[in-house]
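Close look at the chain arrangement
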Amino acid sequence: MKRLLFIIPISFCLALPACKKAAGPANLKSVQPNNNLDSTVLMTATINGQQWQADSAYGYYVQNSANDTSSKSLLITGTRNNSGSPTTITFNIYNYTGPKTYSIDPPVNTAAYYVGNLRNFGGSGHITISSDTAYALKGSYTFIAGADTITSGVFNVALP
């Protein structure tokens, strides 16, 4: 019995340091406006001669489905809510390899412009990724989607 009274406190003292929370990425700030890591998170363009700016812009990595591949796709989405009729611009870059110009070449690299539920796929154009830093993904784009011409496009989204 005396041994048990001696072993329990020693075991407790040995186990106590294991309860410490490990520091990790959850302790770091994400890219948000004015956090001194990136000044703006945005997506803008000129659509049929009218200025367009997204209310929200996001970037995502998507792991390709093949089990033995390390390639990934990049998705970028910007949405603007226009009085109940949202408009959205989306990009899908298959096998994203870093900053360079990607031609819009469906179904490999795609661009789409949505007005409400109406989707217009981009048939020609390009997406240029100019910077892939530790905090942000920056680039420009231009494409033609049906009867809509999207020019002078710029995006700056948080690095996925």
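Presented here is a report on the structure given in the accompanying data block.

Reading the values: the criteria
Residues numbered from 1 in each chain as written. Predicted model: local features only at pLDDT ≥ 70, side-chain atom pairs only at ≥ 80, totals over all residues. Heavy atoms only, no water. Helix = DSSP H or I, 4+ residues; strand = E, 2+ residues; numbered from the N terminus. Buried < 20%, exposed > 50% of the residue type's maximum accessible area, 1.4 Å probe, protein only. Contact = heavy atoms within 4.5 Å. Areas by Shrake-Rupley, 256 points an atom, 1.4 Å probe, with all protein chains shown as cover. Pairing = 2+ DSSP bridges.

Attention now goes to the overall build of the chain. From N to C terminus, the chain includes one helix and 10 strands. When the helices and strands of the chain are read in sequence order from the N terminus, they spell out α-β-β-β-β-β-β-β-β-β-β. Residues counted as buried form 32% of the 160 residues belonging to the chain. Partitioning the intrachain contacts of the chain with sequence separation of at least 6 by distance along the chain shows that 45% fall at a separation of at least 24. Only carbon and sulfur atoms are counted for the fraction: they give 56% of the accessible area of the chain, which is about 10,100 Å².

This paragraph deals with the pairing of strand β10 (residues 148–158). Here strand β1 (residues 42–47) pairs with β10 via five bridges, running antiparallel. Residue pairing for β10: Thr-46 is matched across the bridge by Thr-151. Where strand β9 (residues 136–145) meets β10, nine bridges bridge the pair, whose relative direction is antiparallel. Bridged to Phe-143 within β10 is Ile-150. The turn joining β9 and β10, which pair antiparallel and follow one another in sequence, is formed by two residues; a positive phi near 65 degrees is taken by Gly-146.

Interpretation note: all reported values are geometric properties and have no functional meaning in isolation.
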